[in-house]
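In case you want the letters, here they are:
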Amino acid sequence: MSVDVSIKCSCGSVTGVARNLSAGSTNHVKCSCRGCQSYAHFLGRTDDMLDENGGSNIFQLDPKNFEIKAGMEHVVCMRVTPDGPLRWYTDCCKTPLGNGFPRGGIPFLGVLPICLGYKGTSDEVVKLVGPVRGHLNQNKPIGLSEKLRNAGMLARFACQLLWWRVRGGKSWKPFFDEKTMKPIRKPLTISEDERATHEAKSGF
Ligand SMILES: [Zn+2]
Ligand SMILES: [Zn+2]
């Protein structure tokens with residue numbers, strides 16, 4: 001069974017709906033990379049985004065199912081590194097929305113659950129999109145079973161992405177221009193100094 005859940009930034013200026021959420025229609029992962037941790041520090045929202053080991057819960061979906069209905073003027077994006085993913089958030093209250101590719105076309109968005117009102121590790125997220133299927137970029141050696149689990153997750157996700165693309169065609173909403181497939185906002189890229197400051201807070 002899939003459900004629709006309201007998107008709402010913390011101050012309420014940006015609202016929308018994430019549709020058709022289920023374990024089958026999404027891919028729930030955890031990522032502990034430098035970029036995701038720096039991003040949480042950049043927004044000043046580590047309590048809402050990171051677990052005790054610096055992991056961010058993210059669930060990936062076809063962005064056609066992620067509709068912003070109000071407050072689009074508050075939606076902006078940044079990159080932690082010049083070639084990193086675009087990280088979309090609200091400038092009114094620094095609520096993360098989702099991470100994606102630098103250009104439109106590929107139907108992929110990694111949603112941060114706090115924009116639906118849930119902390120990443122909460123039971124509600126697991127009820128919505130199923131358990132975490134893989135944990136990427138851990139800052140420690142992992143065993144064979146976990147490596148296999150991550151490989152299985154990535155293979156499943158590759159199939160999902162292909163299916164979304166074949167079934168739904170190109171994807172640009174809500175963050176790209178339909179004609180040019182360029183992002184609707186110029187991404188903010190933080191300086192190396194600022195990045196180093198955020199990384200140091202995460203212990204890198
Ligand atoms: Zn807001
Ligand atoms: Zn990451």
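**Brief notes about the overall build of the protein chain**
Here's step 1: Counting its secondary structure elements, the protein chain contains five helices and eleven strands.
Here's step 2: Expected size for 204 residues packed as a compact globule is a radius of gyration near 17 Å; at 16 Å, the protein chain falls within 12% of this value.
Here's step 3: Dimensions of the protein chain, computed from the C-alpha atoms along their principal axes, are close to 40 × 40 × 30 Å.
Here's step 4: Sorting the 204 residues of the protein chain into buried and exposed places 49% on the buried side.
Here's step 5: A fraction of 67% describes how many contacts in the protein chain between residues 6 or more apart in sequence connect residues 24 or more apart.
Here's step 6: Here the protein chain contributes 28 positive and 19 negative side-chain charges, whose respective centroids are spaced 6 Å apart.

**Comments concerning the sheet that holds strand β2 (residues 15–21)**
Here's step 1: The antiparallel open sheet is built from three strands, whose spatial order is β1-β2-β5. Each of the sheet's edge strands pairs with one partner strand only, and the pair in question is β1 (3–8) and β5 (66–70). In this sheet, neighbouring strand axes are inclined to one another by 25° on average, regardless of whether the strands run parallel or antiparallel.

**Topic: the coordination of the zinc ion (ligand 2)**
Here's step 1: Distances from the zinc ion (ligand 2) to its protein donors, namely Cys31 (SG), Cys33 (SG) and Cys36 (SG), fall within the range 2.2 Å.
Here's step 2: One chain supplies every donor for the zinc ion (ligand 2), spaced along it as C-x1-C-x2-C.
Here's step 3: Taking relative accessible area as the criterion, Cys31 reaches 9% and is therefore assigned buried.

**A few points about the coordination of the zinc ion (ligand 1)**
Here's step 1: Looking at the metal site, the zinc ion (ligand 1) is ligated by Cys9 (SG), Cys11 (SG), Cys92 (SG) and Cys93 (SG), spaced 2.2 to 2.4 Å from it.
Here's step 2: Because the angles between the four donor atoms bound to the zinc ion (ligand 1) fall within 105 to 117°, the donor set is best described as tetrahedral.
Here's step 3: Sequence positions of the donors to the zinc ion (ligand 1) reduce to the motif C-x1-C-x80-C-C.
Here's step 4: According to the relative accessible area criterion, Cys92 is partly exposed, its value standing at 29%.
Here's step 5: Judged by relative accessible area, Cys93 falls into the buried class, the value being 19%.

**Things to note about the pairing of β2**
Here's step 1: As judged from the five bridges shared by β1 and β2, these two strands associate in the antiparallel manner. Considered in β2, the bridge of Ser6 is made with Val17.
Here's step 2: The hairpin turn running from β1 into β2, its antiparallel successor, is six residues long, and Gly12 in that turn takes a positive phi close to 90°.
Here's step 3: Bridge count between β2 and β5: four bridges; the pairing is antiparallel. The partner of Gly16 across the bridge, within β5, is Ile68.

**A word on the environment of Leu43**
Here's step 1: Residue placement: Leu43 occurs in helix α1 (residues 34–43).
Here's step 2: For the pair Leu43 and Val3, spaced 40 residues apart in sequence, the C-alpha to C-alpha distance is 28 Å.
Here's step 3: If we skip the residues at most four places from it in the chain, Leu43 touches Met49, Tyr89, Lys94 and Pro96.

**Here's the deal with the pattern of salt bridges**
Here's step 1: According to the stated counting rule, one finds six salt bridges in the structure shown.
Here's step 2: Residues Arg19 and Glu67 are paired through a salt bridge, measuring 2.7 Å at the closest nitrogen-oxygen approach. Of the two residues, Arg19 sits in strand β2 while Glu67 sits in strand β5, which places them 48 residues apart along the sequence.
Here's step 3: Taking the shortest distance from any N to any O, the salt bridge between Arg167 and Asp62 comes out at 3.6 Å. Taken as a pair, Arg167 in helix α4 (residues 144–168) and Asp62 in the loop between β4 (56–61) and β5 lie far apart in primary sequence, 105 residues in all.
Here's step 4: Exposure remark for Arg167: the relative accessible area of 46% places this residue in the partly exposed category.
Here's step 5: On the basis of relative accessibility, which here comes to 2%, the residue Asp62 falls in the buried class.

**Quick word on the side chain of Lys30**
Here's step 1: Tracing the sequence through the fold places Lys30 in strand β3 (residues 27–31).
Here's step 2: At a separation of 2.6 Å, a polar atom in the side chain of Lys30 contacts the side chain of Asp51.
Here's step 3: If we skip the residues at most four places from it in the chain, Lys30 touches Asp51, Gly55, Ser56, Asn57, Thr121, Val132, Gly134, His135 and Leu136.

**Concerning the side chain of Ser56**
Here's step 1: Here Ser56 lies in strand β4.
Here's step 2: By relative accessible area, Ser56 is classed as buried at 2%.
Here's step 3: With residues near it in sequence (within four places) discarded, Ser56 still touches Val29, Lys30, Cys31, Cys36, Met49 and Leu50.

Procedures and definitions
- Numbering of residues starts from 1 in every chain and runs along the sequence as written.
- Each chain takes a letter, starting from A, and each ligand takes a number, starting from 1, following the order in which they are written.
- Under the rules for a predicted model, residues below a pLDDT of 70 receive no local features and side-chain atom pairs below 80 are neither given nor counted, while totals for whole chains, interfaces and linings still include all residues.
- Each side-chain value is derived from all of the structure's non-hydrogen atoms; neither hydrogens nor water enter the calculation.
- Numbering of helices and strands starts at the N terminus; helices are DSSP runs of H or I of at least 4 residues and strands are runs of E of at least 2.
- The size measure is the radius of gyration over C-alpha atoms, and the globule rule it meets is 2.2 Å times the number of residues to the 0.38 power.
- Relative accessibility decides the category of a residue: with a 1.4 Å probe and only protein chains considered, values under 20% of the type maximum give buried, values over 50% give exposed, and everything between is partly exposed.
- Whether two residues are in contact is decided by their heavy atoms, any of which lying within 4.5 Å being enough.
- Only four residue types enter the charge count, namely Lys and Arg as positive and Asp and Glu as negative; His and the chain termini do not.
- We put the charge of a Lys on NZ, of an Arg on CZ, of an Asp on CG and of a Glu on CD.
- In this scheme, strands are said to pair when DSSP sees at least two bridges between them.
- Every axis corresponds to a line fitted to the C-alpha atoms, with the helix fit spanning only the stretch in contact, and the corresponding angles, defined between N-to-C directions, vary from 0 to 180 degrees.
- Donor atoms: N, O and S within 2.8 Å of the metal, or within 3.2 Å for Na, K and Ca. Because water is excluded, sites can look incomplete.
- Labels for metal geometry use angle windows, namely 85 to 135 degrees for all angles of a four-donor tetrahedral site, and for square planar (four donors) or octahedral (six donors) sites opposite donors over 155 degrees apart plus all others within 65 to 115; sites meeting none of these are irregular.
- In what follows, salt bridge is the name for a side-chain nitrogen of Lys or Arg lying within 4 Å of a carboxyl oxygen of Asp or Glu.
- Any pair of nitrogen or oxygen atoms within 3.5 Å is treated as a polar contact; in protein, a donor-acceptor pairing is required on top of that, and neighbouring residues in sequence qualify only through side-chain atoms on both sides.

Any functional reading would require information beyond the geometric quantities listed.
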